[in-house]
Structures are given as C-alpha cells and as structure tokens.
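# Chain and residue survey
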Amino acid sequence: MKLEDLPIRDDLRGRTPYGAPQIDVPVRLNTNENPYGPSASLVTDLAEAVRHSAAGLNRYPDRDAVALRQDLAAYLGHDLTTEKVWAANGSNEVLQQILQAFGGHGRTAMGFEPSYSMHPIITSGSSTEWISGAREEDFGIDPDKAVAAIEEHRPDIVFLTSPNNPTGTALDPSVIARIVQAAPGMVVVDEAYFEFARTGTPSALVLLPDNPRLIVTRTMSKAFAMAGTRLGYLAADPAVIEALLLVRLPYHLSTLTQAAARVALAHQTELLGTVDLLRAERDATVEWLRGEGLTVADSDANFVLFGRFPDRHAVWQGMLERGVLIREVGPPEWLRVSIGTAKEMAAFRAALEGTL
Ligand SMILES: *Cc1c(COP(=O)(O)O)cnc(C)c1O
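Along each chain, numbering runs from 1 in the same order as the chain's sequence is written. Where local features are concerned, this predicted model is filtered to residues with pLDDT of at least 70; where side-chain atom pairs are given and counted, the filter is 80 or more; whole-chain, interface and lining totals use all residues. The side-chain values count all of the structure's non-hydrogen atoms but skip hydrogen atoms and water molecules.

The name that an unreviewed UniProt entry assigns to the protein chain is Histidinol-phosphate aminotransferase, with the source organism given as Streptosporangium subroseum. UniProt, in its Pathway (unreviewed entry) section for the protein chain, records the words "Amino-acid biosynthesis; L-histidine biosynthesis; L-histidine from 5-phospho-alpha-D-ribose 1-diphosphate: step 7/9." According to the UniProt record, the Sequence similarities (unreviewed entry) comment for the protein chain is "Belongs to the class-II pyridoxal-phosphate-dependent aminotransferase family. Histidinol-phosphate aminotransferase subfamily." UniProt positions are given in the numbering used here, feature names are shortened, and annotations may be inferred rather than shown by experiment.

Time to look at the sheet that holds strand E12 (residues 334-338). With respect to topology, 3 strands assemble into an open sheet ordered E9-E10-E12, the strand pairing being antiparallel. The open sheet is flanked by strand E9 (295-296) and E12, the only strands paired with a single partner. Two strands are said to pair when DSSP picks up at least two bridges between them. What counts as a helix is a DSSP run of H or I of at least four residues, what counts as a strand is a run of E of at least two, and both are numbered from the N terminus. Relative to E12, strand E10 (residues 303-307) is paired through 5 bridges, and the arrangement is antiparallel. Among the inter-strand pairings, Leu 305 is bridged to a residue of E12, identified as Arg 336.

Here we take up the packing of aromatic side chains. Only Phe, Tyr and Trp rings are paired, with Trp represented by its six-membered ring, and only when their centres lie within 6.5 Å; those with planes under 30 degrees apart are stacked, over 60 edge-to-face, the remainder tilted. Applying the stated criterion to the full structure yields 8 aromatic pairs. Measuring from ring centre to ring centre gives 4.9 Å for Tyr 193 and Phe 303, while their planes differ by 85°; the resulting arrangement is edge-to-face. A residue pair is termed long-range when its members are at least 10 positions apart, and Tyr 193 in the loop between strand E6 (186-190) and strand E7 (214-219) and Phe 303 in strand E10 qualify at 110 residues. Of the two residues, Tyr 193 and Phe 303, neither departs from the other in class, the shared state being buried. Put simply, the rings of Trp 288, Phe 306, Phe 309 and Phe 348 touch in pairs and so form one group of aromatic residues. Note on exposure labels: buried denotes an accessible area under 20% of the residue type's maximum, exposed denotes more than 50%, and partly exposed covers the range between, all computed with a 1.4 Å probe on protein chains only.

One heavy atom within 4 Å of a molecule or strand makes the whole residue count as near it. Around the ligand, the surrounding shell holds 13 residues, and the nearest of these are Ser 91, Tyr 193, Thr 219, Ser 221 and Lys 222. Polar contact criterion, stated in full: a pair of N or O atoms within 3.5 Å, where within protein one must be able to donate a hydrogen and the other to accept it, and residues adjacent in sequence count only if both atoms are side-chain atoms. Residue Asp 190 places a side-chain N or O atom 2.7 Å away from a nitrogen atom belonging to the ligand. One of the side-chain nitrogen or oxygen atoms of Arg 230 is found 2.7 Å away from an oxygen atom of the ligand. In short, Shrake-Rupley with a 1.4 Å probe defines the accessible areas, and a residue's cover is counted only from the protein chains shown. Relative to its free-state accessible area of 390 Å², the ligand is covered by the protein chains to the extent of 94%. Tallying contributions element by element places helix H3 (residues 90-102) first for the shell around the ligand, with 3 residues. Residues are sorted three ways: Asp, Glu, Lys and Arg are charged, Ala, Val, Leu, Ile, Met, Phe, Trp, Tyr, Cys and Pro are nonpolar, and all the rest, Gly among them, are polar. When the residues that make up the shell around the ligand are grouped by side-chain class, the tally is 3 nonpolar, 7 polar and 3 charged.

What follows concerns the pairing of strand E4 (residues 129-134). When strand E3 (residues 108-113) meets E4, the two strands line up parallel, connected through 6 bridges. Residue pairing across strands places Phe 112 opposite Gly 133, the latter belonging to E4.

This brings us to the sheet that holds E3. The strand order across the open sheet formed by 7 strands is E2-E8-E7-E6-E5-E3-E4, and the pairing between neighbours is mixed. Edge positions in the sheet fall to strand E2 (85-88) and E4, since each has one partner strand and no second. Across the sheet, the mean angle from the axis of one strand to that of its neighbour is 25°, orientation sign disregarded. Note on contacts: a residue pair qualifies if any of its non-hydrogen atoms lie within 4.5 Å across the two residues. Interaxial angle, 0 to 180 degrees, is taken between N-to-C directions of lines fitted to C-alpha atoms, where a helix line uses only the stretch in contact. Strands E2, E7 and strand E8 (232-235) of the sheet are contacted by helix H2 (residues 66-76), whose axis makes an angle of about 120° with E2.

Attention now goes to the pattern of salt bridges. In the sections that follow, a salt bridge refers to a side-chain nitrogen of Lys or Arg positioned within 4 Å of a carboxyl oxygen of Asp or Glu. Tallied over the entire structure, the rule returns 15 salt bridges. Between Glu 136 and Lys 145 there is a salt bridge, with its nearest N and O atoms 3.0 Å apart. A salt bridge links Glu 328 to Arg 312, with the nearest nitrogen and oxygen atoms 3.9 Å apart. Of this pair, Glu 328 sits in the loop between strand E11 (324-325) and E12 while Arg 312 sits in helix H10 (residues 312-321), placing them 16 residues apart in sequence.

Here the focus is the side chain of Gln 258. With respect to the secondary-structure elements, Gln 258 resides in helix H8 (residues 255-266). Only 2.9 Å separates the side chain of Gln 258 from the backbone oxygen of Leu 253, close enough to count as a polar contact. Not counting residues within four places of it along the chain, the set of residues in contact with Gln 258 comprises Pro 61, Asp 62, Ala 65, Leu 68 and Leu 253.

See the structure below:
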C-alpha cells in the first residue's frame, strides 16, 4: 500500500511531515533543546512523584489540570490566575487546539516568515488556509506593512513568534499591540524562547489585560529543559480557555505529565539557572561567528542563525561528518545552531573551521 493510494484528505496529498533529522551524533545542536539534563535531586523528585501517582493510575487524570495551571500561573506572574492559563502536551498541542477552536475549513491563519515551520503545518492539519506574510531584511516585522497585510487578508488567526525561530528576533510589544488592534480575529504570540531573551525584553503578557483576543503561548521544552515531558501552556482571557475546552480531548494531559511538570516548576530556580549560561554562550557564539567574517542575526533565543553560504547543504554535511549536527532551516544560505554546553560549542567552532 502506498500513501497516495489511501483515501486521504485531498488537502494532505503531497505534503511532507515535520522532520528535524534525529541522527545519532556526538554533538546534537539542531532542535533547540536545553543541553543540560536534570540534576540528581530533580531526577529523585521526579521518580518520587511518578511513584506517588502510579498508585492512582487506574483513574483518569484531573481533566482540567487545575493544580498544574495554578503553578503555571504563579510562575508567569503578571497577576495571572488558573482560569487564564491552559496546558497541553507541548505548545504544539496548545497551538493545535487554538486552530481547532478558531480556525478550520473556510478560515485562514497568517504568519510572518521565515518563522516556525509548525505554524503552517498545524494550520493545514486543521484544514485552515495558511497566508504567508513577510519579515524584513533584518527579520523584524514592519508594523505598517503587517497591518496592511492583515487588512488585506483579514485572517482569523495571526501568529507572531517572539523571539522568532529560526532567526532569534524578538518583537517589541508596541508592534504586537498594533497588530492586535488591526487583527479581526485571534493573535497568538508564540513565546517558546522568551526566557532566553536579553534582559529588559518585555513579554507580550503585559498586553493581555487590554486585549482579550491575544493568546501568549510558552513551553517547558526549551528553557525548562523538559522537552521529553511534553508540556506547553498559554495565557489568555478566561473566555479563550472556555473555547479550548470545547475541542480538547478529554483527559489529554496524563497524570504522569501533570506530576512531572509540577515537580519541574518546583525546581524552576535550578532549571532556569542554565538559561544564563546559555545566554552567555549564545552571545559569545554570535561574536565568534562575526569574527569569522560570517553574517549573523541578532538572537534573543537559545540558537543562532548564521550564513550566508551559497551551498549551505555542503556546510551542514561537512559539520555532520565532523560529528556536529546543526539545522538546515530558514532562508536559503543560512544555517541554525542551537546553543549547547561550552564543550559542545568548542566542538561546533572546530567543526565549522574545519568545514569552511
Ligand atoms: C520548540 C518550539 C515550540 C515548542 O514546542 P513544544 O511542542 O512545546 O515542544 C513552540 N514554538 C516554537 C517557535 C518552537 O521553536
């Protein structure tokens, strides 16, 4: 049986799945994970939480994950409360629920590219039409042009990624505010990398009180070093969360996931302690790459986009042959490296010097 022989939805024909290569190499710097694993004491607490939960696994989980949402609200601050916070299996599931509730057949979602490739994929997965807006040469968003594009297309959902993946670019809340004012529907600010932003970069959370159609999404996959746990969340007006309750699968967040995420939040000081190391390593990487004569995008995230290589695949391949996996993503001629430990970044520098 071949895929094309199946009676699959017409709008899925010919598409390719999301696919960052999962290649087993010594230095993996391609999916923006936090390179620091949990400490022994965190592992012990996680194991204890799982042991404690295990005795009750004959029962369904708390369908509304209230205790976890309370902890997430406390972490976010900004006077947020349980009814303004929602969680799911990774921010990708959060985004999918947003599309299910506010997108769908006959509706449109718009993003400003280059940006996170999952936004158009989740959009088309929910039979929503994707409209591609453009970023500027420096990867920022020009608010006048964005407002004009929104007025032209009237999208039901607008995606803004800040700091942006794969470019690292953060948006000023004044730009986001103008877009929210112009947008006829929902505006999603994907803040997966917010904790890595340079000091003083405000979160779009500051705009929530005045903008009930704004949704800010976060994840524990990056700064919290919990990619394997699959926990993403959002903050929004309580009515938005009521809308998501209509489409979420019952008991979508397992008892074990909820327990693990709460333990991670209790250890937030330790987990977020690695963020400062990674930010310093990022800034050093930007400087080193520029010193090599390369073009580098300013980054507020835990990765750096650099170029420009007429044959970027050859550079990616050369790095791989030297045991360093980076990402062929973003505009042609650019490559992205996730920030690893000091040792991994030394391997990255040596491999790049050997390749170029
Ligand atoms: C990594 C990433 C996510 C995180 O997805 P999870 O499902 O939470 O692991 C979300 N948005 C962007 C822009 C990302 O790069």
